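Notes for the structure review
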Amino acid sequence: ALIETQARAGSRILYLNRCVGGCVIEPGFEDSRTNHSSILERTANMSEWEHGDEGWLEMLSCVRGLYAPFDVLVTDVDPGMEPHFEAIVAGSPPEAGFFGAGGVSPFTCGVIENAITFTLPAIYTSMTQICNVVGQESAHAFGLDHEMECADPLTYLGGCPIKAFQNVDAPCGEFAERECSCGGSTQNSFVTIESIFGPGIVPTVEILEPSPEAEVGLAFAIRAQATDDLQTTRSELWIDGVLRDQLDAEPFAYRAPRTLSPGIHDVEVRVFDDRDQYGSQHVQVVQEPCARTLDCDFAFVCVGGQCVLGPGNQGGLGASCEGSEECDSTQCATDHRGGFCSTSCQLDQNSCPSGFACTNTVDEELVCIPDPGPPSGGFCSGSGGSSSAGWALLLLLWALCGTRSQHVKRRNRGSQS
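Read on for an overview of the structure. (Residues numbered from 1 in each chain as written. Predicted model: local features only at pLDDT ≥ 70, side-chain atom pairs only at ≥ 80, totals over all residues. Heavy atoms only, no water.)

Looking at the nonpolar core
Nonpolar side chains tend to gather and get buried jointly when the protein is soluble and globular. What counts is decided by this rule: We define a nonpolar core as any set of buried Ala, Val, Leu, Ile, Met, Phe, Trp, Tyr and Cys residues linked to one another through side-chain atoms lying within 4.5 Å. Between buried and exposed lies partly exposed: a residue is buried under 20% and exposed over 50% of the maximum accessible area for its type, with that area taken using a 1.4 Å probe on protein chains only. Starting at the N terminus, helices and strands are each numbered in turn, a helix being any DSSP run of H or I of at least four residues and a strand any DSSP run of E of at least two. Whether two residues are in contact is decided by their heavy atoms: any pair within 4.5 Å suffices.
L16, M59, Y67 and V89 are the most contacted members of the largest nonpolar core, which totals 35 residues. Residue assignment for this core shows that the elements contributing at least two residues are strand 1 (13–17), helix 1 (52–67), strand 6 (85–89), helix 3 (127–140) and helix 4 (189–197). Residues within four places of Y67 in sequence aside, it is in contact with L14, V72, V74, G135, S138, A139, F142, F165 and I193. Core analysis: the next-biggest nonpolar cluster, separate from the first, contains 19 residues, Y254, V267, V271 and V283 among them.

Observations concerning the sheet that holds strand 3 (residues 36–37)
What counts here: Pairing between strands is defined by DSSP: at least two bridges between them are needed.
Pairing is mixed across the open sheet formed by three strands, whose spatial order is 3-2-4. Strands at the two margins of the open sheet, each flanked by one partner only, are strand 3 and strand 4 (44–46). By the bridge criterion, three bridges tie strand 2 (residues 23–27) to strand 4 in an arrangement that is antiparallel. Each residue of the ladder has a partner; that of V24, found in strand 4, is N45.

Focus on the side chain of Q287
The cut-off we apply is this: Counted as a polar contact is a pair of N or O atoms within 3.5 Å, where, for protein atoms, one must be capable of donating a hydrogen and the other of accepting one, and residues adjacent in sequence contribute only when both atoms are in side chains.
Considering the arrangement of structural elements, one finds Q287 in strand 19 (residues 278–287). Side-chain polar atoms of Q287 contact the backbone oxygen of G217, separated by 3.3 Å. For Q287, the residues in contact, after removing those within four places along its chain, are V216, G217, L218, F220, L260, S261, P262, G263 and H265.

Some words on the state of the cysteines
As a reminder, the rule being used: For the purposes of this analysis, a disulfide is any pair of cysteine sulfur atoms at a distance within 2.5 Å.
Across all of its chains, the model carries 11 disulfides by this definition. A sulfur-sulfur separation of 2.1 Å characterises the disulfide bridge that pairs C19 with C23. Where C19 bonds to C23 through sulfur, the torsion about that S-S bond is close to -110 degrees, and the disulfide is left-handed. Since its relative accessible area comes to 1%, C19 is described here as buried.

Notes on the packing of helix 1 against helix 3
The axes of two packed helices give the description: the angle between them and the distance between them. As a reminder of what qualifies: For every element, the axis is a line fit to its C-alpha atoms; helices are fit only across the contacting stretch, and the angle between N-to-C directions ranges from 0 to 180 degrees. Throughout this description, any angle smaller than 35 degrees is read as roughly parallel, any larger than 145 degrees as roughly antiparallel, any in the 65 to 115 degree range as roughly perpendicular, and the remainder as oblique. In this scheme the crossing of two helices becomes right-handed for a clockwise turn of the near helix relative to the far one and left-handed for an anticlockwise turn of less than a right angle.
Running from N to C, helix 1 and helix 3 cross one another at 45 degrees; their axes reach a closest spacing of 9 Å. As far as their axial angle goes, helix 3 and helix 1 are oblique. When you trace helix 1 past helix 3, the crossing you get is right-handed. Within the contact between the two elements, helix 1 uses G55, E58, M59, C62, V63, L66 and Y67 and helix 3 uses M127, T128, I130, C131, V134, G135, S138 and A139.

Topic: the pattern of salt bridges
Keep this limit in mind: Note on definitions: salt bridges are taken to be side-chain nitrogens of Lys or Arg within 4 Å of carboxyl oxygens of Asp or Glu.
Per the counting criterion, the structure on display carries 10 salt bridges. The partner of R33 in a salt bridge is D31, with the nearest N and O atoms 3.0 Å apart. The shortest N-O distance in the salt bridge between R292 and D295 comes to 3.6 Å. You can call D295 partly exposed: its relative accessible area is 24%. Here the residues in one salt-bridge network are D145, E174 and R178, joined through shared partners.

Quick look at the environment of S47
With respect to the helices, strands and loops of the structure, S47 is situated in the loop between strand 4 and helix 1. What makes S47 partly exposed here is its relative accessible area of 30%. Once the C-alpha coordinates of S47 and V89 are considered, the two residues, 42 residues apart in sequence, prove to be 9.9 Å apart. A polar side-chain atom of S47 sits 2.9 Å from a polar atom in the side chain of E95.

A look at the packing of aromatic side chains
Stated formally: Put simply, two rings from Phe, Tyr or Trp (the six-membered ring, in Trp's case) pair if the centres are within 6.5 Å, and we call them stacked under 30 degrees between planes, edge-to-face over 60, tilted for the rest. Whether a charge lies above a ring is judged from NZ of Lys or CZ of Arg, which has to be within 6 Å of the ring centre and within 35 degrees of the ring normal.
Summed over the entire model, instances satisfying the criterion amount to 12 aromatic pairs. Through a chain of ring-to-ring contacts, three or more aromatic side chains come together here, namely Y67, F70, F85, F142, F165, F190 and F197. Seen from the ring of F272, R234 lies directly overhead, with NZ or CZ sitting 3.7 Å from the centre. The lysine or arginine in question, R270, covers the ring of W238, its NZ or CZ lying 3.9 Å from the ring centre.

Things to note about helix 1
Worth spelling out the cut-off: Take the residue count of a helix, subtract one, and multiply by 1.5 Å to get its expected span. This arc is taken over the directions from the axis of the helix to the C-beta atoms.
The end-to-end C-alpha distance of helix 1, which contains 16 residues, comes to 23 Å, matching closely the 22 Å that a straight helix rising 1.5 Å per residue would cover. Regarding helix 1, the residues found buried are G55, W56, M59, L60, V63, L66 and Y67. An end-on view of helix 1 places all buried positions within 130 degrees of arc, on one side of the element. More than 90 degrees from the buried face of helix 1, the exposed residues found are D53, E54 and L57. Looking at the buried side of helix 1, the elements it contacts are strand 1, strand 5 (73–75), strand 6, helix 3 and helix 4.

Things to note about unusual backbone geometry
The peptide bond linking E209 to P210 adopts the cis configuration, its omega dihedral lying at 0 degrees. Position of P210 relative to the elements: it lies in the loop between strand 12 (204–209) and strand 13 (215–216). In this structure, P251 follows E250 across a cis peptide bond, with omega equal to 0 degrees. Note that P251 resides in the loop between strand 16 (242–247) and strand 17 (252–255). Unusually for a residue other than glycine, D240 sits at a positive phi of about 55 degrees. Locating D240 in the fold gives a position in the loop between strand 15 (232–239) and strand 16. We note that T330 has phi near 60 degrees; this positive angle belongs to a residue other than glycine.

Examining the sheet that holds strand 14 (residues 221–227)
On the basis of which strands lie adjacent, the open sheet formed by three strands has the order 12-14-17 and antiparallel pairing. Each of the sheet's edge strands pairs with one partner strand only, and the pair in question is strand 12 and strand 17. Between one strand axis and the next, the sheet turns by 25 degrees as a mean value, whatever way the strands run. Direction of pairing for strand 12 relative to strand 14: antiparallel, over a ladder of five bridges. If you follow E206 over to strand 14, its bridge partner there is Q225.

Listed below in structure tokens is the structure:
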């Protein structure tokens, strides 16, 4: 028999139940709050999710992504007696009496309030595939049919593992087009779900510190706040398009890395909600250079106004390298001795730390590399007497040796930030 439904859902909660310790679902009128399902012919004793915590989090994140465009809270925390849609994601087909099925759902031409759907992960190994089955079965409880659109969770067609509810008018059917069960020849899953729940609302983010165009010192403070229609869950700090840090709870307060180069930087804070949607805000700031090594973190040295990982550390200044990816500074320079992690410098007596020399690369860029010292042996090691001829010889040797300019090769220079 068809179940009485309404066009707009009374709940915005989709509860994914991993059945920790097992679940008992009884036959009866559809009610997720009391664990009754209209599609069961007998009591179902469902064993718990068998793919571990890491697999669960991967699958949960994927389902949140499917429903992120809509005002739906996808959670794995039991809402208890609060109205909710429930997806059992546990057990095997025989346990529920659904032999040969990977997922089962009640269906009618509309929303089934407090519906329970079943996804049976024991027969799957891919978390993405399980996620797509959850998407299909849960959407059936909202009145959506199968469709001939490979990229939509409501399809049986293969070849599109990464799916999303598609904003297209897709023909209904399993492996061949047919009339849709609720009328017409096509359906639009995106528009239908949005009409049931409404569009998702992303968090509104405000960066409190620093202010736009601010001149900031090393390890400058970053503070942000956010508001959302539901609950904010975590935040991320991005600088110049690179993820630098993240927090799982408020307050959203960060420190910028001391290794940022002097100059202009784009600072972005992203705040996520329970649907794993995020809002963000950007500010641009001007990073001041370091003035001395004491300005930098432990094990770092100040070179050219930037804190770089110092000598004696893996990937630090002077470490052996064959490519820039091996160096914390993303610069690898070579001379006749081999490759060394380096950083840019100026022709200044104090530009490089002790034991390093500021040397030209073949591209005429100045970098700090281990100081090779004066060459030993050969004509440059000769000594002169007190005669004018001896002094002339010494001056010639000084001209030949003292004005030498060593060139090194720069390897695979990476971007600095």
